[in-house]
Amino acid sequence: MPKRVKELSALEIKRLEYPHEALAAKGNKLLPVFKAVGGVAGLNLQLTPGEGKSWIFRYAVEAGTDKQGNKTYKRRSLGLGSYPEVGVAEARDRAREAKAKIREGIDPIKERKAARAALSAEVAKLTFAKAIDGWDRDHPKKFGSDKHRLTWLASVRGIEGLQQTQVDQITQEDVWRCLEPIAKRTPDTARRLRGRIADVLDWAEDEKQRTGPNPAATGWLKRKLTAKTAGAVVTHRPALQVDDAARWWAALSKLEGTGSRALEFLTLTAVRSGEVRGAVWNEIDLVKAVWTIPAERMKMKRDHAVPLPPIAVELLKALPILGELVFPAARGGEMSDMTLSATMKRMHAADLKAGRAGYFDKDSGRPAVPHGLRSTFRVWAGQQGFSREHAELALAHQFGDSVEQAYQRDIYTEQRRPMMEAWSKHLAGKVAADNIVEMRRG
């Protein structure tokens, strides 16, 4: 019967050290030393010359038979983790689990290797859905807001037919089958999705999960997409008609609530909904009457200065300061985009109920929406003779060739002020006798 090893306590195990002096006196090489700790037969603490300590479970498994027909055994050493990261009690538990498997005829080392091989095989089979998750993890600063990120991810996760396909098996024909039904219906959406699929597959290539041309960026696919969308009608956001602006503004000014004031401010400044809803007080200089939106909140990733007309300044001064946000939601935090949309829907419905014409887009015949107010401003600015340059800068658009764009750092804030003040007067239904119309550039 094998000798029973004394079960060492946690303190005794902590005090174990590599026997440098004893081995040096014997002239032995400085090899790892194994100290049986008891509690579970075969459990050892490995001590290395570099003062490292780790748990090793030594056991034997059948290796076959010898010439005489006797069973032969092979000694095995199973690593159970380093000490003290894996404590004494946990090491003994792990050793007991290994012994239980051995009794069932399972070699713990072979089982561990098989599990690792299965995991490697699973990682190698990266699907498009998993690649989206990986791309998302590696691009934490890709988007200006969490809402934009979630919208982007939802769009690629909603592409049917690709999600469970391995990235190394996706072909240009697969991508086209997914985009074709979208392309004729909403061409812009199909083009954006193609680029997003290409981004995810580029990430998969960087991770060594696929090789070769990106199937979402081939010339063939781009030509198919162009041919399918040729002649498709591009739909714009429904815009308020310029002639209806004063009537609509008068109705809006009678409404109560932060959402109504936010919609007024959006209209006066001709910015996007998210830029108003995310506005904070320290972006606004009421003395200079300028609102400077930082680049990280802008679609074009450039600071945008908005000259505020007097009516916008008065609107801001009348607002209660309830925190950092200028237009907070009723329950705190940033206001929902639906708040502005719902306000416009209610105004449209109320105008129709009163027997009036409502607020329709003249081209599509659909009710106007908040984003369409930017188009209303742009049409009005053109009708009034304001320069294309100033109107496009007011909308934070890029325009012109690469040379013009390089000089757009001068954003003409004060030069745009007369245009924004004239716009506010148009909304208020005022026609100033001294209104000076800006001449177009030659």
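Scroll up to find the structure this text is about.
Residues numbered from 1 in each chain as written. Predicted model: local features only at pLDDT ≥ 70, side-chain atom pairs only at ≥ 80, totals over all residues. Heavy atoms only, no water.

A. Molecular detail of the overall build of the chain. Summing up its helical and strand segments, the chain has 18 helices and seven strands in all. Among the 442 residues that make up the chain, the fraction classed as buried is 40%. Within the chain, counting contacts between residues at least 6 apart in sequence, those at least 24 apart form 60% of the total. When the accessible surface of the chain is split by element, carbon and sulfur atoms take 53% of a total near 25,900 Å². (Helix = DSSP H or I, 4+ residues; strand = E, 2+ residues; numbered from the N terminus. Buried < 20%, exposed > 50% of the residue type's maximum accessible area, 1.4 Å probe, protein only. Contact = heavy atoms within 4.5 Å. Areas by Shrake-Rupley, 256 points an atom, 1.4 Å probe, with all protein chains shown as cover.)

B. Geometry of the packing of aromatic side chains. Across all of its chains, the model carries nine aromatic pairs by this definition. Among the aromatic residues, ring-to-ring pairing joins F377, W380, F386 and W423 into one connected group. (Phe/Tyr/Trp six-rings, centres within 6.5 Å; stacked < 30°, edge-to-face > 60°.)

C. Quick look at a negative patch on the surface. Residues D138, D202, D206 and E207 make up a contiguous surface patch of negative charge. Within the fold, D206 resides in helix α8 (residues 187-206). A relative accessible area of 58% places D206 in the exposed class. (Patch = residues over 30% accessible without salt bridge, like charges linked within 9 Å, V, L, I, M, F, W, Y side chains within 5 Å. Salt bridge = Lys/Arg side-chain N within 4 Å of Asp/Glu carboxyl O. Lys, Arg positive; Asp, Glu negative; His and termini not counted. Charge placed at Lys NZ, Arg CZ, Asp CG, Glu CD.)

D. Fine view of the nonpolar core. Ranked by internal contacts, the top residues of the largest apolar core, which has 50 residues, are W248, W291, L308, L316, F327, F377 and W380. Listed in part, the 30 residues of the second largest apolar core include W152, V167, I197 and L201. (Core = buried A, V, L, I, M, F, W, Y, C linked by side-chain atoms within 4.5 Å.)

E. Molecular detail of the sheet that holds strand β5 (residues 284-285). The strand order across the open sheet formed by three strands is β5-β6-β7, and the pairing between neighbours is antiparallel. Whereas interior strands pair on both sides, the edge strands pair on one side only; in this sheet they are β5 and β7 (304-307). The pairing of strand β6 (residues 290-293) with β7 spans four bridges and is antiparallel. Bridged to I293 within β7 is H304. (Pairing = 2+ DSSP bridges.)

F. Geometry of the sheet that holds strand β4 (residues 71-82). Within the open sheet, the four strands sit side by side as β1-β2-β3-β4. Their pairing is antiparallel. Unpaired on one side and paired on the other, β1 (33-36) and β4 mark the two borders of the sheet. Adjacent strand axes in the sheet meet at a mean angle of 35 degrees, parallel and antiparallel pairs treated alike. For β1 and strand β2 (residues 43-47), the ladder comprises four bridges, and the chain directions are antiparallel. If you follow V33 over to β2, its bridge partner there is L47. Against the sheet, helix α3 (residues 88-103) touches β2, β3 (53-65) and β4, its axis set at about 10 degrees to β3. (Axes fitted to C-alpha atoms, helices over the stretch in contact; angles between N-to-C directions.)

G. How the structure looks around the side chain of K53. Examined against the element boundaries, K53 turns out to sit in strand β3. Here K53 is buried and forms no salt bridge, its nearest opposite-charge partner E17 lying at an N-O distance of 6.6 Å. Polar contacts involving the side chain of K53 include one to the main-chain carbonyl oxygen of K14, which spans 3.1 Å. Reaching out from K53, the side chain makes a polar contact with the backbone oxygen of L16 at a distance of 2.6 Å. The contacts of K53, once residues within four sequence positions are left out, are I13, K14, L16, L45, Q46, L47, S82 and Y83. (Polar contact = N/O pair within 3.5 Å; in protein donor to acceptor, adjacent residues only side chain to side chain.)

H. View of helix α6 (residues 146-157). In this model α6 runs 16 Å from its N-terminal to its C-terminal C-alpha over twelve residues, within 8% of the 16 Å that 1.5 Å per residue would give. The inward-facing, buried residues of α6 contact α5 (128-138) and α8. (Expected span 1.5 Å × (residues − 1).)

I. Looking closely at α8. Given a rise of 1.5 Å per residue, 20 residues ought to cover 28 Å, and the 29 Å separating the end C-alpha atoms of α8 matches this to within 8%. Taken together, the buried positions of α8 are P187, A190, L193, R194, G195, R196, I197, A198, V200, L201, W203 and A204.

J. How the structure looks around the pattern of salt bridges. Summed over all chains, the structure comprises 23 salt bridges. A salt bridge links R94 to E90; the shortest N-O distance between them is 2.6 Å. Here E90 and R94 lie together in helix α3, a separation of four residues that amounts to about one turn. A residue is classified by how much of its surface remains accessible, and E90, at 36% relative accessible area, is partly exposed.

K. Region of the structure containing the environment of L263. Within the secondary structure layout, L263 lies in helix α11 (residues 258-269). Separated by 14 residues in sequence, L263 and W249 place their C-alpha atoms 10.0 Å apart. Ignoring anything within four residues of it in the chain, the contact list for L263 reads W248, L252, L340, T343, M344, P370 and L373.

L. Molecular detail of the side chain of S273. Within the fold, S273 resides in helix α12 (residues 273-277). Separated by 2.6 Å, the side chains of S273 and D337 make a polar contact. Apart from residues no more than four positions distant in its own chain, S273 is found in contact with L266, D337 and L340.

M. Examining unusual backbone geometry more closely. With an omega of 10 degrees, the peptide bond running from Y83 to P84 counts as cis. Its place among the elements puts P84 in the loop between β4 and α3. Residue E51 is not a glycine yet carries a positive backbone phi of 70 degrees. Tracing the backbone shows E51 in the loop between β2 and β3. At A289, a position not held by glycine, the phi torsion is positive, near 55 degrees. Relative to the helices and strands, A289 resides in the loop between β5 and β6.

N. Quick peek at the pairing of β4. Direction of pairing for β3 relative to β4: antiparallel, over a ladder of eleven bridges. Counted as the bridge partner of W55 is G81 from β4. Count of turn residues in the β3/β4 antiparallel hairpin: five residues, of which G69 carries a positive phi of about 85 degrees.

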